[in-house]
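Letter by letter, the chains look like this.
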Amino acid sequence: MYAAGDVRVEDVPDPAILEPTDAVIRVTRACICGSDLWPYQSLTPAEGARVMGHEAIGVVEDVGADVQTVKPGDVVVMPFAWSDGTCMFCEQGLHTACAHGGFFGNPEIPGAQSEAVRVPLADGTLYPLPVGEDDALMPSLLTLSDVLGTGHHAAVVAKVGPGKRVAVVGDGAVGLCAVISAKRLGAQQIVIMGRHDDRIALAREFGATEVVSERGADAVERVKELTDGYGVDAVLECVGLDQSMDTAIEIARPGGAVGRVGVPQHEQVPAARPSFFKNITIAGGPAPVRAYIEELLPDILEGRIEPGRVFDRTVDLDGVPDGYRAMNERESIKVLIKP
Ligand SMILES: [Zn+2]
C-alpha cells in the first residue's frame, strides 16, 4: 500500500531468516482486515509504503537455529502480533504487550498479504494446527489470527458471562465474531447494532437476539427499551469511532462495562461524565489473540462455532486491490486471500 486507495501487487525480495528465532512461512491463507481500511482511507505517501496484512495461516518453510516448537512442513496460524511467549506480559496472557513483540504489516516488518512472510520469535508467536493446509475449516481457523480472538477479547474484558445482557456495536467481521463470543460465554441477550442486511442476518444466525439499526440518541433509546430501561451489562465496541464509543457508554447500565477493540480514531475517550457517574468500566485494546487460540480452537475443530462465515469473498494476490475496494465500499464483509 503506497497511499490511500493505492494498493499494488509487486515482487519484493523473498523473506529470509534474519534472527535465529525467526521462521519463514509460505502463506496459504490471509485476509484483509477492517483495520486495514483506516490506512486505505488515509495513508499519505510520506508515511511510507508498506506490505500489508497481519492475519495468516501458512506452512513453515524454514526456521532459525533456535526455533524448537515448529518445524518445516507444519501448518501454523500467525496471530497479528508477534511475541516471545515468555516475558512477564505474555505470562499474564497479554501477548500484545510483549516486551519483545510487535505488529505485522507496518513499514518496519512486511505483512502477510504476500506469498511468504518472516515471523519473528516463531516459538512464541506461531501456533501449529492439527489439520492439512487445505482443510475445509480453513476460513474459520484463519479467524484465530485476529477477528475471532478480537471479538472474544471484547467479551472477556466487558465481563460477559452466563445470563448477561450484551450489546455489540458494529456489524463488521469483528462485531460478528463478538456475537459468537458473547453467545459462547453464555450471554442471555445479545443486541447487534448495525445497519447492513447481510451482516445482520449473519449476526442472527450467530446468536444475536435483537437488532438495533438506529443511530445516536435513537439507538440509545431503543437499547434501553429492550433492557428494562437500564441498558446492557456489557457493550462490545467493535468500531473505534467517537460516536460508536459515545453510544457504547450511553447504553451501558450502571456498573456495566465497555470492551473496546475497534482501533480508536479519536484521541480522547468520549462521554467522560456519563461513564463516571454510572461507574462504567472501560477496558480493552489490541487483543492478545495468541493467548486465546488454545481455548477457541476446539470449538472450531468440533464445529460448535463457524466464524469463517464472515468471509464472503475469496481473491488471489492479484485480486487484493479490488478486495480492498470491495470491503471499503461495504460490498464485502471480509475478503479471504488465497495466494
Ligand atoms: Zn512476551
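This text follows the structure it describes.
Regarding the nonpolar core
Counting residues in hydrophobic clusters, the biggest one holds 52 residues, and the most contacted among them are Leu-129, Leu-141, Leu-144, Val-168 and Leu-236. Looking at this core element by element, the count peaks at 8 residues for helix 6 (residues 173–184). Those residues within four positions of Leu-236 in sequence are excluded, and the remaining contacts are Ala-154, Ala-155, Ala-158, Val-160, Val-166, Ala-167, Val-168, Val-169, Ala-178, Ala-182 and Gly-259. Formed by 33 residues, the second largest nonpolar core is a distinct cluster that contains Ala-23, Ile-25, Leu-37 and Val-117.

Describing a negative patch on the surface
Negative charge collects at one region of the surface, where Glu-10, Asp-11, Asp-14 and Glu-115 lie side by side. Position of Glu-10 relative to the elements: it lies in the segment before strand 1 (23–31).

Regarding helix 5 (residues 147–157)
Counting buried positions along helix 5 yields 10 of 11 residues, so the element is predominantly enclosed. Val-147, Leu-148, Gly-149, Thr-150, Gly-151, His-152, His-153, Ala-154, Ala-155 and Val-157 are the residues of helix 5 that are buried. Buried positions along helix 5 lie against helix 6, strand 11 (232–237), strand 12 (252–260), strand 13 (281–284), helix 11 (289–301) and strand 15 (334–337). Where helix 5 terminates, the next one or two residues include Lys-159, which has phi positive at roughly 60°.

Let's talk about the pattern of salt bridges
For side chains bearing opposite charge, pairing can occur when the charged atoms are close. Applying the stated criterion across every chain yields a total of 21 salt bridges. Taking the shortest distance from any N to any O, the salt bridge between Arg-26 and Glu-61 comes out at 3.7 Å. Pair noted here: Arg-26 is in strand 1 and Glu-61 is in strand 2 (residues 56–63), with a separation of 35 residues, a long-range link. Among the residues examined, Arg-26 registers a relative accessible area of 30% and is labelled partly exposed. When the shortest N-O distance is used, the salt bridge between Arg-313 and Glu-331 registers 2.9 Å. Pair noted here: Arg-313 is in strand 14 (residues 311–315) and Glu-331 is in the loop between helix 12 (320–328) and strand 15, with a separation of 18 residues, a long-range link. Linked by salt bridges that have partners in common, Arg-184, Glu-295, Asp-299, Glu-302 and Arg-304 make up one network.

Procedures and definitions
Residues numbered from 1 in each chain as written. Predicted model: local features only at pLDDT ≥ 70, side-chain atom pairs only at ≥ 80, totals over all residues. Heavy atoms only, no water. Core = buried A, V, L, I, M, F, W, Y, C linked by side-chain atoms within 4.5 Å. Buried < 20%, exposed > 50% of the residue type's maximum accessible area, 1.4 Å probe, protein only. Helix = DSSP H or I, 4+ residues; strand = E, 2+ residues; numbered from the N terminus. Contact = heavy atoms within 4.5 Å. Patch = residues over 30% accessible without salt bridge, like charges linked within 9 Å, V, L, I, M, F, W, Y side chains within 5 Å. Areas by Shrake-Rupley, 256 points an atom, 1.4 Å probe, with all protein chains shown as cover. Salt bridge = Lys/Arg side-chain N within 4 Å of Asp/Glu carboxyl O. Lys, Arg positive; Asp, Glu negative; His and termini not counted. Charge placed at Lys NZ, Arg CZ, Asp CG, Glu CD.

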